Amino acid sequence: MLVFRYTVLRDEPTPGSALLNLRYRNELFVRKQPAHAAFSDAAFRLSTAQKACYGAAFVALPWVWARWRAYMLANDWSSQPSSSWRYRVWGLTEQAEIAYRIVALVNFWLFLFHGRFRSVLERLLSMRLIYIQSRVARQVSFEFMNQQLVWHGFSEFLLFVIPLIDFGAIVRGMKRVLAIQAPEHHGHGDAGDSRRDMSSMDPAAVESAAKARHSAAQCPICDNNPIIMPHITPCGHVYCYTCLRSHCMADPSFACRHCNRVVTSHRPL
């Protein structure tokens, strides 16, 4: 309302139109002038009727129409019996919207061919946007707009691609590739002659060692202590069953959080 009050009502262009070097011209006045006549500032003065109708149709009518539709929807007029006057009014409202959309589509098609009236309202009121100065240097720089378009396209691409990437699998793969082997610890006697591999030990010994650690351990996935339904991996580490099972189902190459070895199987502890 304020924009209309200080622009169209004063025969001045709106901020957007002024930026594009455009303003309204009274085509009713132009039609009364001789052909090829030079137009003065009077051609850019809209009549009082044009201003009043434009303000009512462009500012007030959309607000009234939106409130009217909201009122009918709130009172469920569309579900009334077909013989009810409320249902008939709802039907007429729907038909009016459809008719307006058809007329707007036809007007848009004519605008693409002739470039005179961009909307039905402007055509009915004979208000046409024309250049204020026919020859003027362009004041709008499209560099920022191009940057915005590129960034918008790039962000839309990222929003599509990122959910498809399993970053957890990538991190686990990098850990397996870049894992630094722990230095060998040599003890006394035969125990220090070779590297101790839990997967090559006796299953009973592995299980007893895991049970000894289980009492004071926590699940490396959910950090729950005590571990719920403990399951042991071939490398001798203990997890919650639900944590281990869900991760193995989601990633067949799931690696142990302790030793970074692929978990091929697991069993209850």
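Residues numbered from 1 in each chain as written. Predicted model: local features only at pLDDT ≥ 70, side-chain atom pairs only at ≥ 80, totals over all residues. Heavy atoms only, no water.

Taken together, 3 strands build an open sheet; the order of strands is 4-3-5 and the sheet is antiparallel. At either margin of the open sheet sits one strand with a lone partner, and together these are strand 4 (238-240) and strand 5 (267-268). With 2 bridges joining them, strand 3 (residues 230-232) and strand 5 adopt antiparallel strand pairing. Within the sheet, the bridge partner assigned to H231 lies in strand 5 and is P268. In this fold helix 10 (residues 241-250) packs onto strand 3 and strand 4, with an angle of close to 90° to the strand it touches most, strand 4. (Pairing = 2+ DSSP bridges. Helix = DSSP H or I, 4+ residues; strand = E, 2+ residues; numbered from the N terminus. Contact = heavy atoms within 4.5 Å. Axes fitted to C-alpha atoms, helices over the stretch in contact; angles between N-to-C directions.)

This paragraph deals with the pattern of salt bridges. For the coordinates displayed, the defined rule picks out 6 salt bridges. A salt bridge links E94 to R69, with the shortest nitrogen-to-oxygen separation between them at 2.8 Å. Here R69 lies in helix 4 (residues 48-74) and E94 lies in helix 5 (residues 85-114), a separation of 25 residues in the sequence. Close ionic contact of E97 with R101 constitutes a salt bridge, the shortest N to O distance being 3.8 Å. (Salt bridge = Lys/Arg side-chain N within 4 Å of Asp/Glu carboxyl O.)

Take a nonpolar patch on the surface next. Residues I162, I165, F167, I170, M174, V177 and L178 make up a contiguous nonpolar surface patch of roughly 690 Å² in combined accessible area. With respect to the helices, strands and loops of the structure, I162 is situated in the loop between helix 7 (143-161) and helix 8 (167-178). (Patch = residues over 30% accessible without salt bridge, like charges linked within 9 Å, V, L, I, M, F, W, Y side chains within 5 Å. Areas by Shrake-Rupley, 256 points an atom, 1.4 Å probe, with all protein chains shown as cover.)

What follows covers the packing of aromatic side chains. The relative placement of two aromatic rings is captured by the distance of their centres and the angle of their planes. Within this structure, the stated rule accounts for 9 aromatic pairs. With a centroid separation of 5.9 Å and 40° between ring planes, the pair formed by W151 and F154 is classed as tilted. Of this pair, W151 and F154 both sit in helix 7, 3 residues apart, which is roughly one turn of that helix. A residue is classified by how much of its surface remains accessible, and W151, at 53% relative accessible area, is exposed. What makes F154 partly exposed here is its relative accessible area of 41%. In textbook terms, an aromatic cluster arises when at least three aromatic residues are bridged by ring pairs, as seen for W68, Y71, W77 and W85. (Phe/Tyr/Trp six-rings, centres within 6.5 Å; stacked < 30°, edge-to-face > 60°. Buried < 20%, exposed > 50% of the residue type's maximum accessible area, 1.4 Å probe, protein only.)

On their own, these measurements won't tell you what the molecule is for.
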